[in-house]
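Below, each chain spelled out in residue letters.
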Amino acid sequence: MTIATFLFALLGAMALGAPIALSLLICGVAMMVQMQNFDTQIVAQNLIEGANNYPLMAVPFFMLTGELMNAGGLSKRIVDVADSLVGHMRGGLGYVAIITAAVVASISGSAVADTAAVAALLIPMMRSGGYNVPRSAGLIAAAGCIAPVVPPSIPMVVFGVTTQLSITKLFMAGVFPGIMMAVALATTWWIVAGKQPRKNHGNFSFARFVGTVKEGVWALALPIVIIGGMKMGVFTPTEAAAVAVFYSLLAGLVIYRGLKIRDIPHIMLAALKTSSTIMFLVAAAMVSAWLISVADIPGQTVALLEPFIGNKILLVFVIMVLVIIVGTALDLMPTVLILGPILVPVVKQAGIDPYYFGVLFLMNNAIGLLTPPVGTVLNVVAGVSKENLDSVIKGVWPFLFAETALMFLLVLFPSLVTVPMKWLM
């Protein structure tokens, strides 16, 4: 009955057009009424505690880092380095997009922001180079979905906060799966790129490559500072986010001089708008999370999944299929906030490594950013490229298939995640 109340209230509020955060609050109140435990103080207290969370402070800092990085010219330098390395190959700008997306993802951690930045830089170049623009837009959209999986992923921070898992361990667990996503996309693009009309530009020039690396060294060093600092215990994820803001601000103002003092208020406002949305979502989700715990919904979910508990691979497979279905209707962050607190206790009871599961769960939710009708990243790329959304959806299918196949490969062979994860922890 409790699970039915939870689903009916949540889906009913969303069907009526209520924002996700408000739907979560309505869901929480409905569960309290059903349990005859309604108390406005409980709602207010959990709202405040949901936002008053030290690790969650990393979210606005990383959002601000992404804005500063794009405005300050760091993203452009990363594109130049990647272009000098692989731009001479057939379909070279596709590889440039993948490399750029992976590096940018390891700085800001936001799929939407990263995709918008890479698309704005590369789509005009690909269009003028004779590339199939819808297919190129689909590639950039799929490459942008690396961001939720690799550190410093913002969804990973939220997942760690709501499930009480170590964010640093989640970050380290996501490094190799993120690399594998990039390799899968590059392999798929290699197959597709044979149909591209012509090469981007001349042969590889070592002198040009060295020159772009020298010019972009400050941008390329930022991921090393963030990940290396956390790995060595120099700073926490939240402190790493603050360091990233200072670093990108210094690089944009002093080194590359692409950032102007007068631009900073506008940049901070843009980061604030996005961050406040995420923070309110988390705060509202904490009300439902508290009631999920009190009502023992994880325990009831375990009972429903009891036939699969004995087989870890089958259990994870069933959960991944469930998340794929949910991901077609819900955006990434609401799915993380709603399903994370329910599913993590289930996988723990089944003896599955929660950090391994967390990486697969976030990868699955990232893939959901590419699936219609929601497909947030698809909409962003379509808007930036000025292409019809239907065309972009057709263009993304090979890359969507590649990422989905990789995810299920990791379900079948957990050691592909757990073994490299142990190397970094």
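Rules behind the numbers
Residues numbered from 1 in each chain as written. Predicted model: local features only at pLDDT ≥ 70, side-chain atom pairs only at ≥ 80, totals over all residues. Heavy atoms only, no water. Helix = DSSP H or I, 4+ residues; strand = E, 2+ residues; numbered from the N terminus. Rg over C-alpha atoms; globule rule 2.2 N^0.38 Å. Buried < 20%, exposed > 50% of the residue type's maximum accessible area, 1.4 Å probe, protein only. Contact = heavy atoms within 4.5 Å. Expected span 1.5 Å × (residues − 1). Bend = angle between axes of the 7 residues up to and from the residue. Salt bridge = Lys/Arg side-chain N within 4 Å of Asp/Glu carboxyl O.

**Focus: the overall build of the protein**
Phase 1: Along the backbone of the protein there are 21 helices and zero strands.
Phase 2: In terms of C-alpha radius of gyration, the protein reaches 21 Å, essentially the compact-globule figure of 22 Å for 425 residues.
Phase 3: Counting every position in the protein, which comprises 425 residues, the buried fraction comes to 54%.
Phase 4: The long-range share in the protein, meaning contacts at least 24 apart out of those at least 6 apart in sequence, stands at 79%.

**Quick notes on helix α7 (residues 111-128)**
Each full turn of the α-helix corresponds to 3.6 residues, which orients residues three or four apart in the same direction.
Phase 1: Its 18 residues give α7 an end-to-end C-alpha distance of 25 Å, which sits within 8% of 26 Å, the value for a rise of 1.5 Å per residue.
Phase 2: At L122, α7 shows its largest kink, close to 35°, and the proline P124 lies no more than four residues downstream.
Phase 3: Residues A111, D114, T115, A117, V118, A119, L122, I123 and M126 constitute the buried set of α7.
Phase 4: Where α7 is buried, its residues touch α4 (58-72), α5 (74-86), α6 (92-108), α8 (133-144), α10 (167-193) and α19 (376-385).
Phase 5: Just downstream of α7, G130 is the residue with a positive phi angle, here 85°.

**What to know about the pattern of salt bridges**
Phase 1: Considering all chains together, one arrives at four salt bridges under this definition.
Phase 2: Ionic pairing is found between R77 and E215, a salt bridge with its closest N-O pair at 3.2 Å. On the criterion of sequence distance, the pair formed by R77 in helix α5 and E215 in helix α11 (residues 206-231) is long-range, its members being 138 residues apart.
Phase 3: Accessibility expressed as a relative area gives 41% for E215, which makes it partly exposed.
Phase 4: Here R208 makes a salt bridge to D83, at a shortest N to O gap of 2.9 Å. Taken together, the residues span a long stretch of sequence, with R208 in helix α11 and D83 in helix α5 at a distance of 125 residues.
Phase 5: For D83, a relative accessible area of 8% gives the class buried.

**Concerning unusual backbone geometry**
Phase 1: For the peptide bond that leads from P151 to P152, omega is 5°, which places it in the cis range.
Phase 2: With respect to the helices and strands, the residue P152 is situated in the loop between α8 and α9 (154-163).
Phase 3: Here Q164, not a glycine, exhibits a phi torsion of approximately 60°, which is positive.
Phase 4: If you trace the backbone, Q164 turns up in the loop between α9 and α10.
Phase 5: The exposure class assigned to Q164 is exposed, which follows from its relative accessible area of 73%.
Phase 6: Unusually for a residue other than glycine, K386 sits at a positive phi of about 60°.
Phase 7: Inspection of the secondary structure assignment puts K386 in the loop between α19 and α20 (389-412).

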